Amino acid sequence: MKKLLILMLLMQGVYVSAQDILVDKIVGIVGNQPILHSDIEQQFALMGRDNPNLPENARCMVLDQLMIQNMLIVRANLDSIEIDDAQVESQLDARIQRILDYMGGNESQFIEYYGKGPDEVKEDFREDLRNQLLAQRMQQTVMDRVKVTPSEVKDFFAQIPKDSLP
């Protein structure tokens, strides 16, 4: 009964009752991978930082991307595809170093921006990066199986009305 109550709370969103503020909410589930409202908002904020003129459906695009990534992760887990810890660590080190280089090697500026040191940020990013690498590896596995001939491409474009092509 407790599990059912917890599941119902998660599906409807968890609210702080005194202030009536949404803490988080499950907006989708792919396999056993939940997609949280906070995941969408986090990705949306990152997109907005890079491009202030986002389309109206940007959150929907983020949800689509997260669903596809989670679908690839679930499939990769079913296919027993693994990501090496050393690969994750080297990618994390490279990304943190790039950020530090961008900030002129100023670690205090890094701490001011992220609110924590490089090692703590690496810890926060580790699981997300592992999932990204796992999804990329699964996507590559799928794409390696796809074989398209030049004549199939030609036939495909021949079926599209000329006024619909850019």
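Residues numbered from 1 in each chain as written. Predicted model: local features only at pLDDT ≥ 70, side-chain atom pairs only at ≥ 80, totals over all residues. Heavy atoms only, no water.

**Things to note about the overall build of the protein**
Per the secondary structure count, the protein includes 7 helices and 4 strands. For the protein, the computed accessible surface area is about 12,600 Å², with 55% contributed by carbon and sulfur atoms. (Helix = DSSP H or I, 4+ residues; strand = E, 2+ residues; numbered from the N terminus. Areas by Shrake-Rupley, 256 points an atom, 1.4 Å probe, with all protein chains shown as cover.)

**Considerations on the pairing of strand 4 (residues 33-36)**
With 4 bridges connecting them, strand 3 (residues 26-30) and strand 4 associate as antiparallel partners. Counterpart to G28 in the pairing with strand 4 is I35. Where strand 3 folds back onto strand 4 in an antiparallel hairpin, the turn is made up of 2 residues, including G31, whose phi is positive at roughly 65 degrees. (Pairing = 2+ DSSP bridges.)

**Overview of helix 4 (residues 85-102)**
Between its first and last C-alpha, helix 4 extends 26 Å over 18 residues, near the 26 Å set by a 1.5 Å rise per residue. Buried residues of helix 4: V88, L92, I96, I99 and L100, and no others. Down the axis of helix 4, the sector holding all buried residues measures 100 degrees, keeping them to one side. Across from the buried face of helix 4, at angles greater than 90 degrees, the exposed residues are R98, D101 and Y102. (Expected span 1.5 Å × (residues − 1). Buried < 20%, exposed > 50% of the residue type's maximum accessible area, 1.4 Å probe, protein only. Arc of directions from axis to C-beta.)

**Examining the nonpolar core**
Listed in full, the 12 residues of the largest apolar core are L72, I73, A76, I81, I83, V88, L92, L129, L133, L134, A135 and M138. Among the secondary structure elements, those contributing two or more residues to this core are helix 3 (58-78), helix 4 and helix 6 (118-145). Here this core takes 5 residues from helix 6, the largest share from any one element. Setting aside its immediate chain neighbours within four residues, A76 contacts I81, L134 and M138. In this structure, I99, L100, M103 and V121 belong to the second largest nonpolar core, which totals 6 residues. (Core = buried A, V, L, I, M, F, W, Y, C linked by side-chain atoms within 4.5 Å. Contact = heavy atoms within 4.5 Å.)

**Details of the environment of G117**
Its location among the elements puts G117 in the loop between helix 5 (107-114) and helix 6. Under the relative-accessibility criterion, G117 is labelled buried at 14%. C-alpha of G117 to C-alpha of E107: the two residues are 10 residues apart in sequence and 7.6 Å apart in space. Among residues more than four places away in sequence, those in contact with G117 are F110 and I111.

**Details of the confidence of the model for the protein**
Considering every residue of the protein, the mean pLDDT works out to 84; 87% of them sit at 70 or more. Predicted confidence in the protein is weakest over helix 1 (residues 2-12), with a mean pLDDT of 45, and strongest over helix 4, with 93. Low pLDDT, under 50, characterises residues 1-18; the predicted model gives this stretch 19 contacts beyond four residues in sequence or across chains. (pLDDT = per-residue confidence, 0-100.)

**Quick word on the pattern of salt bridges**
Taken as a whole and judged by the stated rule, the model has 7 salt bridges. Between R59 and E41 there is a salt bridge, with its nearest N and O atoms 2.8 Å apart. One end of the pair, R59, is in helix 3; the other, E41, is in helix 2 (residues 37-50), and 18 residues separate them in sequence. E41 sits in the partly exposed class, given a relative accessible area of 25%. With its nearest N and O atoms 2.4 Å apart, the salt bridge here joins R126 to E123. Of the two residues, R126 and E123 are both situated in helix 6; the distance of 3 residues between them amounts to about one turn of the helix. What makes R126 buried here is its relative accessible area of 19%. One network of salt bridges, with partners in common, ties together E89, E123 and R126. (Salt bridge = Lys/Arg side-chain N within 4 Å of Asp/Glu carboxyl O.)

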